[in-house]
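Below, each chain spelled out in residue letters.
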Amino acid sequence: MNTALQTIAAKALPALSGESLTYNAAKNVFLTLGYTSAAGNMYYKAVRLSNRLVVYYELGQGYAYTFLNGIKLFCFDGPKTRLIAQKSWGGCDYRIFSEQYAKEQSILMLKGFLEGQLKLQGARINEQDLASFARGMVEETQHKQLA
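Residue indices follow the written sequence of each chain, beginning from 1 at its first position. Per-residue local features of the predicted model are confined to residues with pLDDT of at least 70, and side-chain atom pairs are confined, for both listing and counting, to 80 or more; whole-chain, interface and lining totals are unaffected and use all residues. By convention in this description, side-chain values take in all heavy atoms of the structure and omit both hydrogens and water.

### Some words on the nonpolar core
Point 1. Grouped together as the largest cluster of nonpolar side chains are 24 residues, with contacts concentrated most on L53, Y57, L68, I71, L73, I84 and L110.
Point 2. Numbering goes from the N terminus for both helices and strands, where a helix is a DSSP run of H or I of at least four residues and a strand is a run of E of at least two. For this core, the secondary structure elements donating two or more residues are β5 (53-61), β6 (66-77), β7 (80-88), α2 (99-121) and α3 (127-141).
Point 3. It is α2 that contributes the most residues to this core, seven residues altogether.
Point 4. Pairs of residues are marked as contacts when any of their non-hydrogen atoms sit within 4.5 Å. Sequence-distant contacts of I84, that is, excluding residues within four places in its chain, are made with L53, L73, F74, C75, L110 and F113.
Point 5. Of all hydrophobic cores here, the second largest spans eight residues; its members include Y23, V47, L49 and F74. Definition of nonpolar core: a set of buried residues of the types Ala, Val, Leu, Ile, Met, Phe, Trp, Tyr and Cys, connected through side-chain atoms within 4.5 Å. Relative accessibility thresholds used throughout: buried, under 20% of the residue-type maximum; exposed, over 50%; partly exposed, between the two (1.4 Å probe, protein chains only).

And the structure:
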């Protein structure tokens, strides 16, 4: 495993501190060990990162499906990370996991955060340019990090 990425994933991410990580090259994602509930469902976290953004999926594996229970987005603030957006699903509003759905939700969440930052600064950017920028940042986290 790439030592620099392992260090970032293990030390810089507060959401993963103390967790054991493995890298799944086929899915291009870092995974935590997870745990099994009394009902027999497995819960774990899947993480993708770039040098600017961390996309953190909270997943549940049931008997028939993998469920997306939540997404958290972190940005880097120097050597630390800062939570910038989060969304949760559960109960009757559950979501069966789909890479495309999770990616689109991550893009919308990042775009919303950036829109808020622009408003705070009194700045304006074309809606299409902002959406394209958010998409590019999320797609950076999906590029192969390790061989």
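Let's pick the thread back up.
### Side note on α2
Point 1. Under the convention used throughout, the expected extent of a helix is 1.5 Å for every residue step, that is, one less than its residue count. Spanning 23 residues, α2 covers 33 Å between terminal C-alpha atoms, matching the ideal 33 Å at 1.5 Å per step.
Point 2. Contacts from the buried residues of α2 go to β5, β6, β7 and α3.

### With respect to a nonpolar patch on the surface
Point 1. Nonpolar side chains collect at one region of the surface, where Y65, Y94 and I96 lie side by side and expose about 320 Å² of accessible area between them.
Point 2. With respect to the helices and strands, the residue Y65 is situated in the loop between β5 and β6.
Point 3. With relative accessibility at 44%, the residue Y65 sits in the partly exposed group. Residues enter patches when their relative accessible area tops 30% and they take part in no salt bridge; the joining distance is 9 Å for like charges and 5 Å for the nonpolar side chains Val, Leu, Ile, Met, Phe, Trp and Tyr. For accessible areas, the Shrake-Rupley method is used with a probe of radius 1.4 Å. Any residue's cover is judged against the shown protein chains and nothing else. Every case where a carboxyl oxygen of Asp or Glu lies within 4 Å of a side-chain nitrogen of Lys or Arg is listed as a salt bridge.

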